[in-house]
Every structure is written in C-alpha cells, then in structure tokens.
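One letter stands for each residue in the lines below.
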Amino acid sequence: LAKAGICRIAMARGATMELRSLGASGIYVSVLGLGTVKLGRDQEVKYPRGFKIPDDAAVRDLLALTRDLGINFIDTAPAYGNSEERLGQLIDNPNDWVIMTKVGEIFENGKSSFDFTAAHTRMSVERSLTRLKRDSLDMVLVHSDGNDMHIIENEGALPELQKLKEEGLIRAYGMSTKTTEGGIWIVENTDMVMATLNLGDDHDLPVIARAHELNKGVVIKKGLQSGHADKSAGGAGVERSFEYIFSHAGVSSMIVGTINPDHLRENVVVTNRVIEDLHAKGQ
Ligand code: NAP
C-alpha cells in the first residue's frame with residue numbers, strides 16, 4: 001500500500017493503474033473506470049457526435065484492452081439499452097471486474113421511465129444478477145431522475161437496497177444524484193455517491209468534500225462533459241479535465257464512456273500522468 005486506501009497493481013503488459021478504496025466498502029476500483037452507455041444505447045444521448053453501437057467483436061476487444069491497461073471498473077445500468085446483457089455475454093470472467101449498475105430508470109422503445117419502488121428495485125437487482133452472470137453485485141445505485149430528495153424521502157428504493165445488502169446480494173449501494181442536497185444526504189447515509197464534476201459544473205464539490213470527511217465512495221460521471229470537453233468539440237481539453245477532477249481529494253474513481261480504443265489509451269496515459277504529478281506534489 002503506497003498510502004492508506006491506495007494501491008497499485010501491475011497488470012498485463014506492464015501497465016499499471018492506481019486502485020483506490022471505495023470509501024470503507026472494502027472494494028478497490030481503478031481511478032479510471034469504463035462507462036458503457038455506448039455499448040447499448042444510441043437514442044436520447046447528449047454526445048457531440050453520432051456513433052454506431054459496436055459489434056460483439058469490437059466490444060470484446062475494447063474490454064480486453066481496458067483490462068490490459070489496468071482498469072478493473074465498469075459502470076453500466078438497465079437504462080443503457082442492452083449494455084448489461086452484452087457485458088454479461090461478452091465478459092469472460094465476470095468476477096475479475098468490479099461492476100457498478102443501477103436501479104430505477106427504465107429505457108424502452110427509445111424512452112426513459114422511472115420506478116423507485118421497493119418491488120421494482122428488487123426485481124431490477126435480480127435481473128442484473130442474471131444479466132451480468134453474478135451471484136452478487138458489487139455496487140448498485142439509484143439512478144435518479146433529478147428529484148433526489150423526493151426519492152430519498154418518499155420512495156422504497158434505498159431501504160430495499162439496504163435490505164439487499166444485508167441479504168448479501170449487493171456489496172455497496174448509493175445513488176447517482178443530480179442535486180447537491182441529495183448528494184450530501186446520500187454520502188451521509190449510504191456507502192457511495194455518483195456525482196457530477198467537470199470544468200463546466202462544480203455543483204457537487206460540497207458532496208465530494210463531505211464524502212471525503214466521512215470516508216465514503218465518490219465516483220465521478222460526465223467528467224469530459226459527455227465529450228464536449230474535447231478540444232475538437234470546442235472544449236478546454238481532455239487533459240485539463242482530468243487534472244481538474246483528480247485534484248479534488250475524495251474522488252475514488254472517474255467513469256469515462258468511450259468506444260474508441262485510441263481515446264481509451266489516451267485517457268489512461270493522461271490519468272496516470274496526472275496522478276503521478278499529484279503524488280509528486282504530495283497530494
Ligand atoms: P463522459 O465520460 O464525460 O464523455 C463520454 C464521451 O467522451 C464519449 O462520447 C466519448 O466519445 C468521449 N471521449 C472519451 N474519451 C475521449 C477522448 N480522449 N477524447 C475525445 N473524446 C473522448 O460522459 P458520459 O458518457 O455522459 O458519462 C460517462 C459514463 O458515466 C457513462 O458511460 C455512464 O456509464 C455514466 N453516466 C452515468 C449517468 C448517471 O446518471 N448515472 C449519467 C451519465 C453518464 P468516444 O466514444 O468517441 O471516445
């Protein structure tokens with residue numbers, strides 16, 4: 001252990017990537033994780049350019065490259081079309097990965113709907129277990145529709161996830177939030193949050209700071225502004241985005257969605273360089 005909660009593992013072909021503990025959950029995730037919206041959904045998405053959902057061979061190659069580069073962490077959701085099913089079919093050793101999935105958002109016939117009841121939550125977790133071919137799930141998040149406090153105060157999803165954890169079917173749970181108030185409640189009362197942070201949106205900084213105080217997991221979404229951070233899309237650049245995100249203590253991992261192997265390699269190189277620089281400065 002280089003320092004508490006951080007370790008580095010040597011991966012195939014000599015690549016390394018830092019693993020960080022997800023709060024006190026006992027789960028170690030690579031500082032960069034792979035987002036998988038584009039493996040299963042091409043409608044109602046906010047990317048700067050259109051794209052084609054990759055075929056099975058391309059997904060297998062992408063997953064092999066991901067693992068070779070030192071990434072052990074994948075983010076998926078029932079809301080990402082058939083992303084969960086494809087991961088279950090195309091990952092050879094599901095237990096070699098830390099997989100995070102969600103409950104609450106349903107994406108059918110090109111449209112999202114939401115169900116945060118206890119019954120739907122249990123059904124969704126059982127379905128994810130089947131789709132992902134796992135006996136238990138690493139992390140499950142409530143996929144917020146934006147009304148975080150309403151879900152927290154009135155719906156059955158979070159208490160049901162607590163029950164599922166006690167039953168041993170999930171290891172950690174929390175919420176992918178959209179509001180600062182919701183994020184703070186979540187880090188005070190669950191294992192982890194998926195929060196937004198990028199060069200154009202810092203509304204979750206108080207959530208990340210509170211999680212850090214409480215040793216709770218923080219996974220960042222939309223760090224590259226869904227692709228708009230790229231200079232060719234008019235943004236400030238991928239490198240500046242990574243520097244900004246990893247400069248914040250308390251970030252366990254950042255999920256970046258990509259189906260482009262060159263982008264994946266670039267993201268790993270830049271992340272490793274940024275993390276090295278931060279350690280050299282004593283952070
Ligand atoms: P993101 O990670 O900020 O951006 C992904 C986009 O950036 C993709 O279109 C990708 O295009 C592009 N990209 C990646 N690396 C790049 C590079 N080096 N240079 C140029 N472009 C690059 O946004 P996101 O997909 O919205 O979110 C990431 C992940 O977070 C998702 O896959 C999903 O797993 C999760 N997410 C969760 C929620 C939630 O509510 N829980 C919401 C949104 C997203 P290429 O494919 O061409 O590389």
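Since this is a predicted model, take the numbers as computed values, not measurements. (Residues numbered from 1 in each chain as written. Predicted model: local features only at pLDDT ≥ 70, side-chain atom pairs only at ≥ 80, totals over all residues. Heavy atoms only, no water.)

(A) Structural view of the pairing of strand E13 (residues 253–257). Taking burial as the measure, the 5 residues of E13 include 4 buried ones, the bulk of the element. Note: strand E4 (residues 32–35) against E13, 4 bridges, orientation parallel. For leucine 34, the partnering residue across the bridge sits in E13 and is valine 256. In this structure, strand E12 (residues 217–221) lies alongside E13, joined through 2 bridges in parallel fashion. Each residue of the ladder has a partner; that of isoleucine 220, found in E13, is methionine 254. Following the chain from E12 across helix H8 (residues 238–246) to the adjacent parallel E13, one finds a crossover that is right-handed. (Buried < 20%, exposed > 50% of the residue type's maximum accessible area, 1.4 Å probe, protein only. Helix = DSSP H or I, 4+ residues; strand = E, 2+ residues; numbered from the N terminus. Pairing = 2+ DSSP bridges. Right-handed = clockwise from strand over helix to strand, strands pointing away.)

(B) The arrangement of the nonpolar core in detail. Counting 60 residues, the largest nonpolar core has Val125, Val142, Leu161, Phe242 and Phe246 as its most contacted members. At 6 residues, the largest contribution of residues to this core is made by helix H9 (residues 261–280). Here phenylalanine 246 is in contact with Arg20, Val31, Val251, Met254, Thr271, Val274, Ile275 and Leu278, once residues within four sequence places are set aside. Counting residues in hydrophobic clusters, the runner-up holds 13 residues, among them Phe73, Met139, Ala172 and Ile255. (Core = buried A, V, L, I, M, F, W, Y, C linked by side-chain atoms within 4.5 Å. Contact = heavy atoms within 4.5 Å.)

(C) Region of interest: helix H2 (residues 83–90). Burial runs high along H2: 6 of the 8 residues are buried. Looking only at H2, the buried set comprises Ser83, Glu84, Arg86, Leu87, Gly88 and Leu90.

(D) Local environment of the packing of aromatic side chains. Counted by the stated rule, this structure contains 3 aromatic pairs. Between tyrosine 47 and phenylalanine 51, the aromatic rings sit 5.9 Å apart at their centres with planes inclined by 80°, giving edge-to-face as the arrangement. A relative accessible area of 26% places tyrosine 47 in the partly exposed class. Between phenylalanine 242 and phenylalanine 246 the ring centres are 6.2 Å apart and the planes differ by 5°, which places this aromatic pair in the stacked class. Residue phenylalanine 242 and its partner phenylalanine 246 are located together in helix H8, separated by 4 residues, close to a single helical turn. (Phe/Tyr/Trp six-rings, centres within 6.5 Å; stacked < 30°, edge-to-face > 60°.)

(E) Seen up close, the side chain of arginine 86. Within the secondary structure, arginine 86 is located in helix H2. Look at arginine 86 and you get buried, because its relative accessible area is 8%. The residues touching arginine 86, leaving out its near neighbours within four places in the chain, are Leu39, Ile53, Pro54, Asp55, Asp56 and Val59.

(F) Local environment of the environment of arginine 86. Separated by 63 residues in sequence, arginine 86 and glycine 23 have C-alpha atoms that sit 29 Å apart. Separated by 2.9 Å, the side chain of arginine 86 and the backbone oxygen of proline 54 make a polar contact. (Polar contact = N/O pair within 3.5 Å; in protein donor to acceptor, adjacent residues only side chain to side chain.)

(G) Seen up close, the site of the ligand. Among the 29 residues in the neighbourhood of the ligand, the closest are listed as Asp75, Ser176, Thr258, His263 and Asn267. Taking lysine 221, its side chain carries an N or O atom lying 3.5 Å from an oxygen atom of the ligand. In this structure, a nitrogen atom belonging to the ligand sits 3.2 Å away from a side-chain N or O atom of glutamate 266. Going through the elements one at a time, E13 and H9 are the ones with two or more residues in the shell around the ligand. Class assignment for the residues of the shell around the ligand results in 9 nonpolar, 13 polar and 7 charged. (Near = heavy atom within 4 Å. Nonpolar A, V, L, I, M, F, W, Y, C, P; charged D, E, K, R; others polar.)

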